[in-house]
Amino acid sequence: MTQQTDMAPGAKRSLLPLLFFVALFLGTGLYLQQQDVAYAFYQLPGHVAIIPALILAIWLHKAPLQQSIDVMIKGAGNSNIITMCIIYLLAGAFASVASATGGVDAAVNAGLSLVPAPWLLPGLFIIAALVSTAMGTSMGTIGALAPIAVGLAQQAGLEPALVAGVLLSGAMFGDNLSIISDTTIASTRTQGTQMADKFRENIKIALPAAALTLLLYVVLANDGAPVAIDSVNWSGVLPYAAILLLAVMGLNVFVVLLLGIVLAALQGAIFADYAIANLGKDIASGFANVQEIFLLAMLVSALSEFIKQQGGLAWIAGNIQQLANGLRLAGNKAQQLAIAALAFISNLCIANNTVAIVLTGELSKTLAQQHHISPRRSASLLDIFACISQGLVPYGAQALLLGASFGISPWQVVSQSYYCLILLVVALLIILARPASARQAQISGA
């Protein structure tokens with residue numbers, strides 16, 4: 001591979017647009033943060049920051065303009081990317097309809113009604129984990145729970161940074177594990193595996209880490225004061241429970257999400273005075289909520305096509321292969337660490353775990369195929385390490401939102417993100433403990 005990549009003309013040069021995108025996005029965020037601008041890393045949206053990088057990629061392609069545009073369109077129209085984007089739309093629609101019909105409030109209040117005051121920390125972690133697993137979004141979970149958690153922290157006399165860290169930990173658990181999470185969608189589509197298979201592989205790592213985190217919060221828990229909870233509408237929880245069950249059973253994700261939208265609307269109309277006439281507007285609102293990640297996924301794929309055609313991905317793969325071989329680890333452990341590092345470092349630069357997965361998906365799939373790592377394992381590693389990174393960056397959307405909600409610094413929030421730290425240790429130990437077998441790869445890829 002090394003000889004081939006060394007001979008690839010323009011391979012290194014093809015990486016410049018990607019580096020330019022990262023520098024522009026990251027540099028703007030760092031500068032604005034120094035100027036004390038709120039949500040500094042989101043003042044220049046990623047799907048806007050990537051446009052100059054695409055222009056640079058077209059210029060470096062050194063081909064007729066129409067040919068370069070064809071390359072861009074080919075990348076943006078990749079079947080996996082389009083499938084992923086349609087799933088984003090359906091997931092956004094479900095989240096919007098479920099919220100409008102009272103599903104989010106129902107799920108939150110149902111969880112809080114089951115938590116005794118002395119167990120508030122572990123209880124909040126479980127609630128955040130369950131809600132984020134059901135909703136498939138860490139930001140949606142934090143947005144729903146943060147206002148409640150601020151009041152709970154004040155009532156119970158708990159340290160705000162600790163409570164914020166609990167919410168971040170639980171939210172990242174579901175963001176990583178959920179069947180309908182955009183990171184799950186991105187990782188499974190790029191690696192060519194089923195969501196249910198990735199879930200089963202993922203939970204082997206996430207569950208032990210969650211159990212250790214829960215134990216830690218039990219130790220940190222105190223005799224908090226009692227908290228006031230609204231009445232629970234248990235019917236509102238049914239759509240979330242239904243889609244989770246159907247997805248785990250292996251039903252096609254398009255069918256699962258469509259059924260989820262219908263169930264959420266029906267339960268709202270029957271039990272919550274929801275006006276079915278508003279369904280179209282709520283679905284459209286859900287589409288609008290995911291348009292940024294929709295566009296960014298397409299544009300990142302377009303940029304990746306330039307890099308792939310000019311040998312940039314092959315050049316990266318060759319160098320990572322050399323580094324991995326130098327580790328002298330048994331089996332394919334070094335290559336699994338390489339996939340993990342790709343996702344982790346990419347997200348540190350971009351602060352968007354879904355985009356980090358899309359960026360590194362093609363390269364990770366190549367490494368996995370060459371070294372008999374099963375698609376479900378590579379998908380799991382991509383998702384896990386991108387989410388770990390996202391839960392530890394103070395300029396990520398999750399930390400910024402929690403910092404603003406609790407009136408503390410985002411650095412204080414991520415310093416209490418115990419689940420992400422524990423998940424990092426557990427995941428590394430599992431990688432080093434055993435390789436993903438060749439037989440497993442063949443079965444999963446069949």
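Residues numbered from 1 in each chain as written. Predicted model: local features only at pLDDT ≥ 70, side-chain atom pairs only at ≥ 80, totals over all residues. Heavy atoms only, no water.

Okay, the overall build of the chain next. Scanning the chain for helices and strands turns up 23 helices and zero strands. Every one of the 446 residues in the chain was classed for burial, and the buried ones make up 54%. Restricting the contact set of the chain to residue pairs at least 6 apart, pairs at least 24 apart contribute 82%. In the form shown here, the chain has an accessible surface area of approximately 18300 Å², with 65% of it arising from carbon and sulfur atoms. (Helix = DSSP H or I, 4+ residues; strand = E, 2+ residues; numbered from the N terminus. Buried < 20%, exposed > 50% of the residue type's maximum accessible area, 1.4 Å probe, protein only. Contact = heavy atoms within 4.5 Å. Areas by Shrake-Rupley, 256 points an atom, 1.4 Å probe, with all protein chains shown as cover.)

Residue position: glycine 170 is located in helix H9 (residues 160-177). For glycine 170, a relative accessible area of 0% translates into the label buried. Separated by 29 residues in the primary sequence, glycine 170 and threonine 141 place their C-alpha atoms 8.9 Å from one another. Those residues within four positions of glycine 170 in sequence are excluded, and the remaining contacts are Phe125, Ala128, Ala129 and Ser132.

Turning next to the pattern of salt bridges. One pass over the full model with this rule turns up six salt bridges. Aspartate 197 is the salt-bridge partner of arginine 200, the closest N and O atoms lying 2.6 Å from each other. On the criterion of helical spacing, the pair formed by arginine 200 and aspartate 197 is a turn pair, its members being three residues apart in helix H11 (residues 195-220). One salt bridge in this structure joins lysine 198 and aspartate 383, with 2.6 Å as the shortest N-O distance. Taken together, the residues span a long stretch of sequence, with lysine 198 in helix H11 and aspartate 383 in helix H19 (residues 375-390) at a distance of 185 residues. When salt bridges that share partners are traced, they join Glu201, Lys204, Arg376 and Arg377 into one network. (Salt bridge = Lys/Arg side-chain N within 4 Å of Asp/Glu carboxyl O.)

With that settled, the discussion passes to the packing of aromatic side chains. A full pass over the atoms with the stated rule returns five aromatic pairs. By the ring-pair criterion, three or more aromatic residues cluster together here, those being Phe125, Phe173, Tyr217, Tyr418 and Tyr419. We note lysine 62 situated over the ring of tryptophan 59; from NZ or CZ to the ring centre the distance is 4.3 Å. (Phe/Tyr/Trp six-rings, centres within 6.5 Å; stacked < 30°, edge-to-face > 60°. Lys NZ or Arg CZ within 6 Å of the ring centre and 35° of its normal.)

All right, on to the nonpolar core then. The biggest cluster of nonpolar side chains holds 117 residues, and the ones touching the most others in it are Phe21, Phe385, Leu402 and Phe406. If you tally residues by element for this core, the top one is H9, at 11 residues. Setting aside residues up to four positions removed in sequence, phenylalanine 406 forms contacts with Ala149, Val150, Ala153, Pro160, Val163, Ala164 and Leu167. (Core = buried A, V, L, I, M, F, W, Y, C linked by side-chain atoms within 4.5 Å.)

All right, on to unusual backbone geometry then. For aspartate 36, which is not glycine, the phi dihedral falls at a positive 60 degrees. With respect to the helices and strands, aspartate 36 occurs in the loop between helix H2 (16-34) and helix H3 (46-60). You can call aspartate 36 exposed: its relative accessible area is 73%. A positive phi is found at lysine 62, a non-glycine position, where the angle reads about 55 degrees. Note on placement: lysine 62 falls in the loop between H3 and helix H4 (65-76).

What follows covers the packing of helix H18 (residues 353-370) against H19. Axis separation between H18 and H19 bottoms out at 10 Å; the angle between their running directions is 145 degrees. As H18 runs across H19, the sense of the crossing is right-handed. On H19, the residues that touch Asn353, Ile357, Thr360, Gly361, Ser364 and Ala368 of H18 are Ser378, Leu382, Asp383, Ala386, Cys387 and Gln390. Split by residue class, the contact of H18 with H19 holds five nonpolar, six polar and one charged. (Axes fitted to C-alpha atoms, helices over the stretch in contact; angles between N-to-C directions. Left-handed = near helix turned anticlockwise from the far one by under 90°. Nonpolar A, V, L, I, M, F, W, Y, C, P; charged D, E, K, R; others polar.)

Another aspect to go through is the packing of helix H7 (residues 120-135) against H9. With their axes 7 Å apart at the nearest point, H7 and H9 run at an angle of 30 degrees to one another. Once H7 is placed against H9, the crossing between them reads as right-handed. Of H9, the residues touching H7 (which contributes Leu121, Leu124, Phe125, Ala128, Ala129, Ser132 and Thr133) are Leu162, Val163, Val166, Leu167, Ser169, Gly170, Ala171, Phe173, Gly174 and Asp175. Along the lines of polarity and charge, the residues of the contact of H7 with H9 split into 11 nonpolar, five polar and one charged.

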